[in-house]
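So you can see what is in the structure, the chains are spelled out below.
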Amino acid sequence: MNAGALFLAVFLACTVEAVEATTIVLAAGTSRDWRSALRGVLAGLIVLAAIIAALGPAVSSIPLSGLRLFVGGLLLVFGLQWLRKAILRASGYKALHDEEQIFRAQADAARAAASQNRAGVGDWYAFTLCFKGVVLEGLEVVFIVLTFGSNQHNLPLAAVAAVAAVLAVVGLGVAVRAPLARVPENTMKFVVGVMLTAFGMFWGAEGAHAHWPGQDAALPVLVAAVAAFALAIVAGLRYLRVRAAAPSDVAKVV
Amino acid sequence: MLTRVRAFGAFWYDFVVGDDWVVAVGVVVAFALTYWLSHTDVPVWWIVPVAVLVLLPVSLWRLTRRGDG
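Residues numbered from 1 in each chain as written. Chains lettered and ligands numbered in written order. Predicted model: local features only at pLDDT ≥ 70, side-chain atom pairs only at ≥ 80, totals over all residues.

## Points about the overall build of chain A
Scanning chain A for helices and strands turns up eight helices and zero strands. Counted from the first residue to the last, chain A has its helices and strands arranged as α-α-α-α-α-α-α-α. In chain A, which comprises 254 residues, the proportion classed as buried is 44%. Nonlocal contacts in chain A, meaning residues at least 24 apart in sequence, comprise 85% of its contacts between residues at least 6 apart. (Helix = DSSP H or I, 4+ residues; strand = E, 2+ residues; numbered from the N terminus. Buried ≥ 20, exposed ≤ 12 C-beta atoms within 10 Å, placed from the backbone. Contact = placed C-beta atoms within 7 Å.)

The following block contains the structure:
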């Protein structure tokens, strides 16, 4: 995989995570208290830094084939989870991920919660909401950077891609002070699901001592094959939905 | 204390395995089979792609059937 593909894969995956975290922070900040929300973000970033400091050297000391097997397995499980949700959304079986709706729901819940001063934090609810959002979404960003970066022996580039994605999303969020509804999140999740699945298959099988025909040239073929397979499933599920809905539509007309 | 340990375990289970354990088990079996057969003369690169071809539709079928979709 060349540097451009590594950058793109990490950038897209981290953008999706950053959009989700930004939505939570914006909801807590605008509906509750910006000061407590930003303290929650800071505390979350400190926890993430500690995790990176602990995991970074550990990951780089694991032998490459063991690392590829472990990381490939995790990426494949993650990728299939993302792909499954993206397929269900694209085929209409699951509601589309709507950041505006999520923002409204988070903001309503935040307004309804009682304000509580704890541990020197003015609004404990806003603090914990942002802390959890940053740690959970950030953990996925850390995982993506460590796995992609260590596998390609280019952790700095993976880290730069992640930082670029987070800065772009946060910058946009600060500029508009509203949920990032125009980011094509559902399409991006589909693309990221395809990439994680293909990379997971490629690295995991290599870690298990398989030899791909064409070696590195097999990776783009896998990406294209997974995308085509997922799109075929979407088309199949859409057809099944239309066919299942047809009799009731006829009954309504009659 | 026990509640916290359980919550910690539940968080990591949800983070890694997610909403369908069959996929996680299928992936582990596919890699184990690849590793095991890699010591023979049989080509093994096709095992993981075939596992994905089977696991993805099966998982989708399980989720839509139980109404998670």
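Having seen it, we continue.
## Focus on the interface of chain A and chain B
The interface is formed by 25 residues belonging to chain A together with 24 residues belonging to chain B. Contributing elements (two or more residues each) for the side of chain A that touches chain B: helix 3 (64-90), helix 7 (185-207) and helix 8 (218-253) of chain A. Here the side of chain A that touches chain B takes 11 residues from helix 3 of chain A, the largest share from any one element. Of the residues belonging to the side of chain A that touches chain B, the class tally is 17 nonpolar, six polar and two charged. (Nonpolar A, V, L, I, M, F, W, Y, C, P; charged D, E, K, R; others polar.)

## Comments concerning the nonpolar core
With 81 residues, the main nonpolar core has Val10(A), Cys14(A), Cys130(A), Ile144(A), Val145(A), Ala162(A) and Ala198(A) as its most contacted residues. Aside from chain neighbours lying at most four places away, what touches Ala162(A) is Val10(A), Cys14(A), Val141(A), Ile144(A) and Val145(A). (Core = buried A, V, L, I, M, F, W, Y, C linked by C-beta atoms within 7 Å.)

## Looking at unusual backbone geometry
Residue and element names in this part refer to chain A. Although it is not a glycine, His-209 sits at a positive phi angle of roughly 75°. For His-209, the location among the structural elements is in the loop between helix 7 and helix 8. What makes His-209 partly exposed here is the crowd of 16 C-beta atoms within 10 Å.

## Looking at the confidence of the model for chain A
Here chain A averages 81 in pLDDT, and 83% of its residues register 70 or above. Between the elements of chain A, mean pLDDT differs from a low of 69, seen in helix 4 (residues 99-112) of chain A, to a high of 87, seen in helix 6 (residues 155-176) of chain A. (pLDDT = per-residue confidence, 0-100.)

## Looking at the packing of helix 1 (residues 3-31) of chain A against helix 5 (residues 124-151) of chain A
Residue and element names in this part refer to chain A. Closest axis-to-axis distance for the helix 1/helix 5 pair is 9 Å, and the angle between their directions is 175°. The orientation of helix 1 with respect to helix 5, classified from their angle, is roughly antiparallel. For the pair helix 1 and helix 5, the contacting residues are Leu-6, Ala-9, Val-10, Ala-13, Cys-14, Glu-17, Glu-20, Ala-21, Ile-24, Val-25 and Ala-28 in the first and Ala-126, Leu-129, Cys-130, Gly-133, Val-134, Glu-137, Gly-138, Glu-140, Val-141, Ile-144, Val-145 and Phe-148 in the second. Class assignment of the residues belonging to the contact of helix 1 with helix 5 gives a composition of 17 nonpolar, two polar and four charged. (Axes fitted to C-alpha atoms, helices over the stretch in contact; angles between N-to-C directions. Parallel < 35°, antiparallel > 145°, perpendicular 65-115°, else oblique.)

## Thoughts on the confidence of the model for chain B
If pLDDT is low for a region, its predicted coordinates should not be looked at in detail. Residues and elements named next belong to chain B. Overall, the prediction assigns chain B a mean pLDDT of 86, with 96% of residues at 70 or greater. Mean pLDDT across the elements of chain B bottoms out in helix 1 (residues 2-16) (78) and peaks in helix 2 (residues 21-37) (93). ipTM for the predicted complex: 0.88, alongside a pTM of 0.70.

## Details of the packing of helix 5 of chain A against helix 6 of chain A
All names here are of chain A. Where helix 5 contacts helix 6, the axes come no closer than 8 Å and their chain directions differ by 150°. With respect to their mutual orientation, helix 5 and helix 6 come out roughly antiparallel. You can see that helix 5 and helix 6 cross each other, and the crossing is right-handed. Judged by residue contacts, Val-141, Ile-144, Val-145, Phe-148, Gly-149 and Ser-150 of helix 5 engage Leu-155, Ala-158, Ala-159 and Ala-162 from helix 6. Across the contact of helix 5 with helix 6, the residue classes tally to eight nonpolar, two polar and no charged. (Left-handed = near helix turned anticlockwise from the far one by under 90°.)

## Observations concerning helix 5 of chain A
Residues and elements named next belong to chain A. Taking 1.5 Å of rise per residue, 28 residues should cover 40 Å, and helix 5 covers 40 Å from first to last C-alpha, within 8% of that figure. Among the 28 residues of helix 5, 20 are classified as buried, and the element is accordingly described as predominantly covered. Of the residues one or two after helix 5, His-153 is the one with positive phi, at around 55°. (Expected span 1.5 Å × (residues − 1).)

## Let's talk about the environment of Gly122(A)
Here Gly122(A) is to be found in the loop between helix 4 and helix 5. Spatially, the C-alpha atoms of Gly122(A) and Arg35(A) are 7.9 Å apart, while their sequence positions differ by 87 residues.

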